[in-house]
Amino acid sequence: MTFIKTHPARLYAVAVAALALVAHYFPELPSALVLALVAAVLGTGEAVQRAEDAKTATAGEGDQGDTIDEHQDHAEDAAE
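Report follows, based on the coordinates.

1. Brief notes about the overall build of the protein
So, step 1. Within the protein, the regular secondary structure consists of 4 helices and 0 strands.
So, step 2. Secondary structure elements in the protein, listed N-terminal to C-terminal, are α-α-α-α.
So, step 3. Each of the 80 residues in the protein was classed as buried or not, and the buried ones make up 6%.
So, step 4. For the protein, the exposed area adds up to about 6,500 Å²; of that, 64% sits on carbon and sulfur atoms.

Rendered as structure tokens:
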């Protein structure tokens, strides 16, 4: 479960590639089934995007503000 939370975009890419291969190599599949799977994949893509956005947003929080201030202090000291 941790792997899924850590790498949702990678898993999504593998699932989409597998779906494309199945649709290509099994043309006898009903088109309604393939279209339903495509719709499900698009919905899953939205969920993956939101998970990645949440990870990006939380990565910007925390101690980075202190680090930026420290770099500015060092730059000011070097300028003097």
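2. Observations concerning helix 3 (residues 31-59)
So, step 1. Between its first and last C-alpha atoms helix 3 spans 42 Å; for 29 residues at 1.5 Å apiece the expected length is 42 Å, and the two agree.
So, step 2. For helix 3, the full list of buried residues reads V41, G45 and V48.

3. Looking at the environment of T6
So, step 1. Its location among the elements puts T6 in helix 1 (residues 2-6).
So, step 2. Residues T6 and E52 lie 46 residues apart in sequence; the distance between their C-alpha atoms is 9.2 Å.

4. Brief notes about the pattern of salt bridges
So, step 1. Per the counting criterion, the structure on display carries 2 salt bridges.
So, step 2. When the shortest N-O distance is used, the salt bridge between E46 and R50 registers 2.8 Å. Taken as a pair, E46 and R50 lie in helix 3 at a separation of 4 residues, close to a single helical turn.
So, step 3. Here E46 falls in the partly exposed class, since its relative accessible area comes to 35%.
So, step 4. Between E52 and K55 there is a salt bridge; the shortest N-O distance is 3.3 Å. On the criterion of helical spacing, the pair formed by E52 and K55 is a turn pair, its members being 3 residues apart in helix 3.
So, step 5. A relative accessible area of 34% means that K55 is categorised as partly exposed.

5. Things to note about the environment of A13
So, step 1. With respect to the element layout, A13 can be found in helix 2 (residues 8-25).
So, step 2. Owing to a relative accessible area of 46%, A13 belongs among the partly exposed residues under this scheme.
So, step 3. When the C-alpha atoms of A13 and G45 are compared, they prove to be 9.2 Å apart, with 32 residues separating the residues in sequence.

About the cut-offs
Residues numbered from 1 in each chain as written. Predicted model: local features only at pLDDT ≥ 70, side-chain atom pairs only at ≥ 80, totals over all residues. Heavy atoms only, no water. Helix = DSSP H or I, 4+ residues; strand = E, 2+ residues; numbered from the N terminus. Buried < 20%, exposed > 50% of the residue type's maximum accessible area, 1.4 Å probe, protein only. Areas by Shrake-Rupley, 256 points an atom, 1.4 Å probe, with all protein chains shown as cover. Expected span 1.5 Å × (residues − 1). Salt bridge = Lys/Arg side-chain N within 4 Å of Asp/Glu carboxyl O.

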